[in-house]
Amino acid sequence: MTYERKNIEKMQGYAPGEQTGTLDTIKLNTNENPYPPSPQVAEALRAIDVAALKRYPAPLADSFRQAASKLHGVQVEQIVPTNGGDELLRLVLTTYVEQDDSIAVCKPSYSLYPVLADIQGCKLQEILLNDDWSMPEDFLDQLGASKAKLLIVVNPNAPTGALLPADYLARIAENFDGLVLIDEAYVDFVDPELNYDSVSLIESLENILILRTLSKAYSLAGLRFGYGIGAASLIAPMMYKTRDSYNTDYIAQRLATAALESADYARENCTRIRQHRESLRAELGQLGLSAPPSQSNFILCQVPDSIGAAKLYRELKSRNILVRYFDQDRLRDKLRISIGTEAENAALVAAIAEIISA
Ligand SMILES: *Cc1c(COP(=O)(O)O)cnc(C)c1O
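Below or above, wherever it landed, is the structure these notes cover. Counting of residues starts from 1 at the beginning of each chain's written sequence and follows it residue by residue. A pLDDT threshold of at least 70 governs which residues receive local features in this predicted model, and a stricter bar of 80 or more applies before side-chain atom pairs are shown or counted, although totals over entire chains, interfaces and linings include all residues. By convention in this description, side-chain values take in all heavy atoms of the structure and omit both hydrogens and water.

Before going further, it helps to examine the sheet that holds strand β6 (residues 179–183). The strand order β2-β8-β7-β6-β5-β3-β4 describes an open sheet built from 7 strands, whose pairing is mixed. In this open sheet, the two edge strands, each paired with only one partner strand, are β2 (79–82) and β4 (123–128). Between one strand axis and the next, the sheet turns by 20° as a mean value, whatever way the strands run. Note on pairing: two strands pair once DSSP finds at least 2 bridges between them. A run of H or I in DSSP becomes a helix once it reaches four residues, and a run of E becomes a strand once it reaches two; helices and strands are each numbered from the N terminus. Summarising the sheet, β2 and strand β8 (residues 226–230) pair through 4 bridges and their orientation is antiparallel. Each bridged residue has a counterpart across the sheet, and for I79 the counterpart in β8 is I229. Contact criterion: two residues are considered in contact whenever any of their non-hydrogen atoms come within 4.5 Å of each other. Only C-alpha atoms enter the line fits that serve as axes; for helices the fit covers just the stretch in contact. Angles between N-to-C directions range over 0 to 180 degrees. Against the sheet, helix α8 (residues 232–242) contacts β2, β6, β7 (208–213) and β8, and its axis sits at roughly 35° relative to β2.

This is the structure:
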C-alpha cells in the first residue's frame, strides 16, 4: 500500500554527488568553488542579530532584488529570488508546464531535469547532442517536432562545458512556440573575451528566462540561493503566485545581497579558476586524459580504456579525491572533474600519474 501519487511511486529521486563531512577530502565532484565566499559575506554574517530571526524575512527580498537588478541592469520586477537555482527550475515547471505537456532538454545535460519532469508528471523529450557535444544541425526541427512547451538549455552546458553563442539562443527563442529557460549556473566562468551576454536578449524576447545561482561563482553552495531573470510578465506569476511566501530566509537574503554587492571578489576567483582550468586540462591531456575546451569550472575528461573511468574514479576515491562518474550512455568512459585550488589540482594530477603507472 502506498499513498504516493502514481508518478512519484514510479520515479527515482535525484542522486546528488557525494558530500563528505571532512574538509580534508579533495572534492572535485560537485563543481563547488574551492575558494571561500567574499569577505563582505563573512562581514554580513557576523553582523546578523539573532533577535531579528523572530520576524519573517522580507517577503519580496527587496534588498536582494535591488542588488541583482543593479548588477544586471534590469528592473527589480525582472528578478525572482529562489532557494537555490534548483527551486527556480521547479517553479518554472509548476508555473508554466501542464501535466500533459512536454519539456525538451539536451542530452547529456543536468541530471536533475528528468527528475523534475517525473515529479511534475510531464513528458521529457531529450534531444541528443552530437558526439563533439555541439548542437545537432536540425535542432530547431527536432524541438518543433517534440511539441515541447518548455526548453531548458544549460549554457555553458553541464557536464560538457560547451558554450552556445547568445545569438544562437536568440534564434531558438524566436523560432520556438514556448518558453526557453537558459540555465546559466556556470556563466561566470565563461571567458570574458567571448562577450557572451544573454541578459540583453530578454528585452526583446519575452519567452527567455535566465537561471543564475550563487552556488558556483559566489562560493555559496551551502547558502541555497539563486534567481531568475526575465520579462516582468514571466517573473510576476512566480513572484506572486507559485513560490512559497517566504522561499528565501532572512540570513540567506542578507548574505546573498552582500555577495552580489561584492561581485568583483567572485569575478577574481573566476579568473583564477579559468586559468587553473586551462593548466589542468593541459596536464591531464599529457597523461592521456583529454578533455574538450570548457567554459565552466569543470572539465569532462576522456579516460583511456586501459584504466577505465569507473576504476579511476574508485582509485581516486580511495586516495580521498572525489570526482564525478556518470553511469550513463556516452559518459561511462569519462570523468567530470571540478577545478580546485592549485594544490588540489596538483594532488589530483599526481594521483592520476601514480595510478596510471601502477
Ligand atoms: C548547480 C546547478 C544549478 C543550481 O544549483 P543550486 O545549487 O540549486 O543553485 C542549476 N543548474 C545546473 C546545471 C547546475 O549545475
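Once you've had a look at it, read on.
Glancing now at the side chain of T213. Relative to the elements of secondary structure, T213 occurs in strand β7. On the accessibility criterion, T213 (6% relative accessible area) is buried. Whenever a nitrogen or oxygen atom comes within 3.5 Å of another N or O atom, the pair is scored as a polar contact, on the condition that within protein one atom can donate a hydrogen and the other can accept it, and that pairs from neighbouring residues in sequence are kept only if both atoms are in side chains. A distance of 2.9 Å separates a polar atom in the side chain of T213 from the backbone nitrogen of S215. If near-sequence neighbours (up to four positions away) are discounted, T213 is found in contact with G85, A185, Y218, F225 and G226. Relative accessibility thresholds used throughout: buried, under 20% of the residue-type maximum; exposed, over 50%; partly exposed, between the two (1.4 Å probe, protein chains only).

With that settled, consider the site of the ligand. To be near a molecule or strand, a residue needs just one of its heavy atoms within 4 Å of it. In the region of the ligand, the neighbouring residues are G84, G85, D86, Y110, V154, D183, A185, Y186, T213, S215, K216 and R224. Residue D86 places a main-chain N or O atom 2.9 Å away from an oxygen atom belonging to the ligand. Between the ligand and Y186 there is a distance of 2.6 Å, counted from an oxygen atom to a side-chain nitrogen or oxygen. Burial of the ligand by the protein chains amounts to 94% of its free accessible area of 380 Å². Computed with a 1.4 Å probe, the accessible areas rest on the Shrake-Rupley method; for each residue, only the protein chains presented here act as cover.

Now for the packing of aromatic side chains. Whether two aromatic rings pair depends on their centres lying within 6.5 Å, for rings of Phe, Tyr and Trp, where Trp uses its six-membered ring; planes under 30 degrees apart make the pair stacked, over 60 edge-to-face, and the rest tilted. Here the structure, examined in full by the defined rule, presents 7 aromatic pairs. Consider the rings of Y186 and F298, whose centres lie 5.0 Å apart with planes at 85°: the pair is edge-to-face. In this pair, Y186 is assigned in the loop between β6 and β7 and F298 in strand β9 (residues 298–302), connecting sequence segments 112 residues apart. With relative accessibility at 6%, the residue Y186 sits in the buried group. Throughout this description, the term charge over a ring refers to an Arg CZ or Lys NZ atom that lies within 6 Å of the ring centre and within 35 degrees of the ring normal. The ring of Y35 has R272 sitting right over it, with the charged end atom 4.8 Å from the ring centre. Between the NZ or CZ atom of R336 and the centre of the ring of F298, over which it lies, the distance is 5.6 Å.

Salt bridge, as used here, is a side-chain nitrogen of Lys or Arg placed within 4 Å of a carboxyl oxygen of Asp or Glu. Throughout the structure, instances matching the rule amount to 17 salt bridges. In this structure, the salt-bridge partner of E18 is K317, at a minimum N-O distance of 2.7 Å. Separated by 299 residues along the polypeptide, E18 in the loop between α1 (6–10) and β1 (26–27) and K317 in helix α11 (residues 309–318) bring together distant segments of the chain. Since its relative accessible area comes to 26%, E18 is described here as partly exposed. Among the salt bridges present, the one from R319 reaches E354, with a minimum N-O distance of 2.9 Å. Note that R319 is positioned in the loop between α11 and β10 (321–322) and E354 in helix α12 (residues 342–357), a separation of 35 residues in sequence. Sharing partners across several salt bridges, the network here consists of D191, R274, R277, E278 and R281.

With that settled, consider helix α9 (residues 250–261). Every helix has an expected span of 1.5 Å times one less than the residues it contains. Spanning 12 residues, α9 covers 17 Å between terminal C-alpha atoms, matching the ideal 16 Å at 1.5 Å per step. Turning to α9, its buried residues are A252, Q253, L255, A256, T257, A258, A259 and L260. Structurally, α9 contributes buried residues whose contacts are with α2 (39–46), α3 (62–72), β8 and α10 (263–286). The N-cap residue of α9 is D249: its side-chain oxygen and the backbone nitrogen of I251 are 3.0 Å apart.

Read these as geometric descriptors, not functional statements.
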